[in-house]
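Remarks on the overall topology
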Amino acid sequence: MTRIRWFGTNWKMNKSPQTAREWTTAVGTYMAEMPADQRLFVMPPYPLLPQILQDTKGTGLIVGAQNCHWVTSGAFTGEVSPQLLKEIGAHNVLLGHAERRKQFGETDEMIGRKASAALRVGLGVVLCIGEDASIKDDPATTRSFLEKQLSIALGDIPALAPEQLVVAYEPVWAIGVGADPPAVYEVAEQLRVIRHVVDQIVNEHVPIVYGGSVTLENGPSLLTETVADGLFIGRHALDPAMFIRIIQTALGERSVVE
Ligand SMILES: O=C[C@H](O)COP(=O)(O)O
């Protein structure tokens, strides 16, 4: 069976309609020649979703939101329902990102409700999990922490369609400017643990991607020396040329030095 490779990016609170269009144009050109065993996804800020869905129609780019509520409609000022995302044509939604957990107080239980609601309306879900620096050097604690995040988030999900769920392992200590760049040996074991736990919870094959300070330099080893099915890239994928270079280099189609 062909192994599908996943490459995604979360734009966070970045980009304008203009720079978003430059990005989708460049990535669309790459995707026109892209092998069928690759999946690319992008999570722009909400207001850019309609434009990007329109501009990338037919390219195969998976376009998703960065968050959603678990309720279909109602008095939830500032929130967006999974139903509305589905109706405007979004393909998936990012849930449980470390920044949502830390800055906006999202709990495992909330993320579980969101995952259940999003999957039930037919959206794909990219579920983020990851430990913070305080436990990273304690393998047993990290293992049970990741198991708990997964079991709560996936505790009430419906039967999955193929490729409907992706798990993103994003250790909190490795995310963003100033973070410790991850060493492969530090994340390889956790990725194995996550693979094992996810396989116990979910019948369908669920791709697992690694995210957190992925660069041109560490992308190849993070992809090929771990059980990761792909890479989830933040700031280094805001430049579309770099996003494509990271993908091609990780797949061995280009070298780091050119
Ligand atoms: O959602 C993406 C991750 O938070 C990774 O961000 P980063 O590559 O800038 O560390």
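Reference entry: report on the structure contained in this document. Since we're looking at a predicted model, the values are computed, not measured.

What follows covers the overall build of the protein. Across its full length, the protein holds nine helices and eight strands. For the protein, whose C-alpha radius of gyration is 17 Å, the value lies close to the compact-globule estimate of 18 Å for 258 residues. With the C-alpha coordinates of the protein rotated into their principal frame, the extents come out at 50 × 45 × 40 Å. Expressed as a percentage of contacts within the protein between residues at least 6 apart in sequence, the contacts between residues at least 24 apart total 68%. Accessible surface, the protein as shown: approximately 11600 Å² in total, 54% of it carbon and sulfur.

All right, on to the site of the ligand then. Surrounding the ligand, one finds Asn 10, Lys 12, His 97, Glu 170, Ala 174, Ile 175, Gly 176, Gly 212, Ser 213, Phe 232, Gly 234 and Arg 235. In this structure, an oxygen atom belonging to the ligand sits 2.9 Å away from a side-chain N or O atom of Lys 12. Separating an oxygen atom of the ligand from a backbone N or O atom of Gly 176 is a distance of 2.8 Å. Broken down by class, the residue content of the shell around the ligand amounts to three nonpolar, six polar and three charged.

Attention now moves to the sheet that holds strand E5 (residues 124-129). Taken in spatial order, the eight strands close into a barrel running E1-E2-E3-E4-E5-E6-E7-E8, and their pairing is parallel. Geometrically, the sheet is characterised by an average inter-axis angle of 25 degrees between neighbouring strands, direction not taken into account. Direction of pairing for strand E6 (residues 165-169) relative to strand E7 (residues 208-211): parallel, over a ladder of three bridges. Its bridge partner being in E7, Ala 168 is matched across the sheet by Val 209. Helix H9 (residues 240-250) rests against strand E1 (5-10), strand E2 (38-43) and strand E8 (230-233) of the sheet, and its axis sits at about 155 degrees to E1.

The subject of this paragraph is the side chain of Ser 81. Along the chain, Ser 81 falls in the loop between strand E3 (62-65) and helix H3 (82-87). The class for Ser 81 is buried, based on a relative accessible area of 11%. Setting aside residues no more than four positions away along its own chain, Ser 81 makes contact with Cys 68, Val 71 and Thr 72.

Most of H9 sits inside the fold, with eight of its 11 residues counted as buried. Buried within H9 are the following residues: Pro 240, Phe 243, Ile 244, Ile 246, Ile 247, Gln 248, Thr 249 and Ala 250. Tucked inside the fold, the buried residues of H9 contact E1, helix H1 (17-32), E2, helix H8 (219-224) and E8. The backbone nitrogen of Ala 241 has a side-chain oxygen 2.9 Å away, supplied by the residue at the start of H9, namely Asp 239. One or two positions beyond H9, positive phi appears at Gly 252, with a value near 80 degrees.

Definitions and limits used
Every chain is numbered on its own, with residues counted from 1 as its sequence reads. Restriction of local features to residues with pLDDT of at least 70 applies here, the model being predicted, together with a cutoff of 80 or more for giving and counting side-chain atom pairs; totals for whole chains, interfaces and linings are based on all residues. Excluded from the side-chain calculation are hydrogens and water; included are all heavy atoms of the structure. Comment: elements are numbered from the N terminus, with helices defined as DSSP H or I runs of at least four residues and strands as E runs of at least two. Just to be clear, the radius of gyration here is over C-alpha atoms, and the globule rule we use is 2.2 Å times residues to the power 0.38. Contact criterion: two residues are considered in contact whenever any of their non-hydrogen atoms come within 4.5 Å of each other. Calculation of accessible area relied on Shrake-Rupley with a 1.4 Å probe; when residues are assessed, cover is drawn exclusively from the protein chains displayed. Consider each residue's heavy atoms; a residue with any of them within 4 Å of a molecule or strand counts as near. Counted as a polar contact is a pair of N or O atoms within 3.5 Å, where, for protein atoms, one must be capable of donating a hydrogen and the other of accepting one, and residues adjacent in sequence contribute only when both atoms are in side chains. Residues were grouped as follows: Ala, Val, Leu, Ile, Met, Phe, Trp, Tyr, Cys and Pro as nonpolar; Asp, Glu, Lys and Arg as charged; and all remaining residues, including Gly, as polar. Whether two strands pair comes down to DSSP finding at least two bridges between them. Angles here are taken between N-to-C directions and fall from 0 to 180 degrees, while the axes themselves are lines fitted to C-alpha atoms, restricted in helices to the stretch in contact. The buried label goes to any residue with under 20% of its type's maximum accessible area, the exposed label to any with over 50%, and the partly exposed label to all in between, with areas taken from a 1.4 Å probe on protein chains only.

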